[in-house]
Amino acid sequence: MSASLVGSEMCIRDRNLSLKAKGLFSIILSLPDNWQFSNEGLCSLCKEGKMAVDTAIKELKDNGYLKLIRKQNSLGTFYYDYEVYENPHTQLGHIDLPFTDN
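Owing to the predicted nature of the structure, the values given are computational and were not obtained by experimental measurement.

**Things to note about the pairing of strand S3 (residues 78-84)**
Summarising the sheet, strand S2 (residues 66-72) and S3 pair through seven bridges and their orientation is antiparallel. Pairing of arginine 70 across the sheet is with tyrosine 80, part of S3. The hairpin turn running from S2 into S3, its antiparallel successor, is five residues long, and glycine 76 in that turn takes a positive phi close to 90°.

What follows is the structure, encoded as structure tokens:
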């Protein structure tokens with residue numbers, strides 16, 4: 001399993017995401033390019049358990065920051081590639097979120 005990084009900062013300012021999802025997003029971005037992603041691997045990097053990591057992953061997916069692509073290797077084993085986006089993406093394409101100054 002691998003991850004493709006397509007960016008980094010907009011997620012942190014997205015009010016639709018919890019601190020848990022933003023924290024997991026930051027951890028994902030901090031990992032080396034050759035990191036073999038899995039939910040279990042991400043759980044091993046966090047104090048929180050599997051359920052917390054799973055809900056953060058779902059939140060990132062639902063908001064367009066993470067896409068899991070199901071693939072099959074030559075032996076027939078299924079795995080997921082993780083694609084991480086700086087800006088949210090949907091089936092229809094890219095979403096621009098406005099930045100606001102406080």
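**Regarding the nonpolar core**
One finds Leu24, Leu42, Val53, Ile57, Leu60 and Tyr65 to be the most contacted residues of the largest nonpolar core, which totals 20 residues. Secondary-structure elements contributing two or more residues to this core are helix H1 (19-30), helix H2 (39-44), helix H3 (50-62) and S3.

**Structural notes on the packing of aromatic side chains**
Applying the stated criterion across every chain, the model contains two aromatic pairs. With centroids separated by 5.8 Å and ring planes inclined at 70°, the aromatic side chains of phenylalanine 25 and tyrosine 65 adopt a geometry described as edge-to-face. On the criterion of sequence distance, the pair formed by phenylalanine 25 in helix H1 and tyrosine 65 in the loop between H3 and S2 is long-range, its members being 40 residues apart. The ring of phenylalanine 78 is capped by arginine 70, whose NZ or CZ atom sits 3.8 Å from the centre of that ring.

What counts and how
- Residues numbered from 1 in each chain as written.
- Predicted model: local features only at pLDDT ≥ 70, side-chain atom pairs only at ≥ 80, totals over all residues.
- Heavy atoms only, no water.
- Pairing = 2+ DSSP bridges.
- Helix = DSSP H or I, 4+ residues; strand = E, 2+ residues; numbered from the N terminus.
- Core = buried A, V, L, I, M, F, W, Y, C linked by side-chain atoms within 4.5 Å.
- Buried < 20%, exposed > 50% of the residue type's maximum accessible area, 1.4 Å probe, protein only.
- Phe/Tyr/Trp six-rings, centres within 6.5 Å; stacked < 30°, edge-to-face > 60°.
- Lys NZ or Arg CZ within 6 Å of the ring centre and 35° of its normal.

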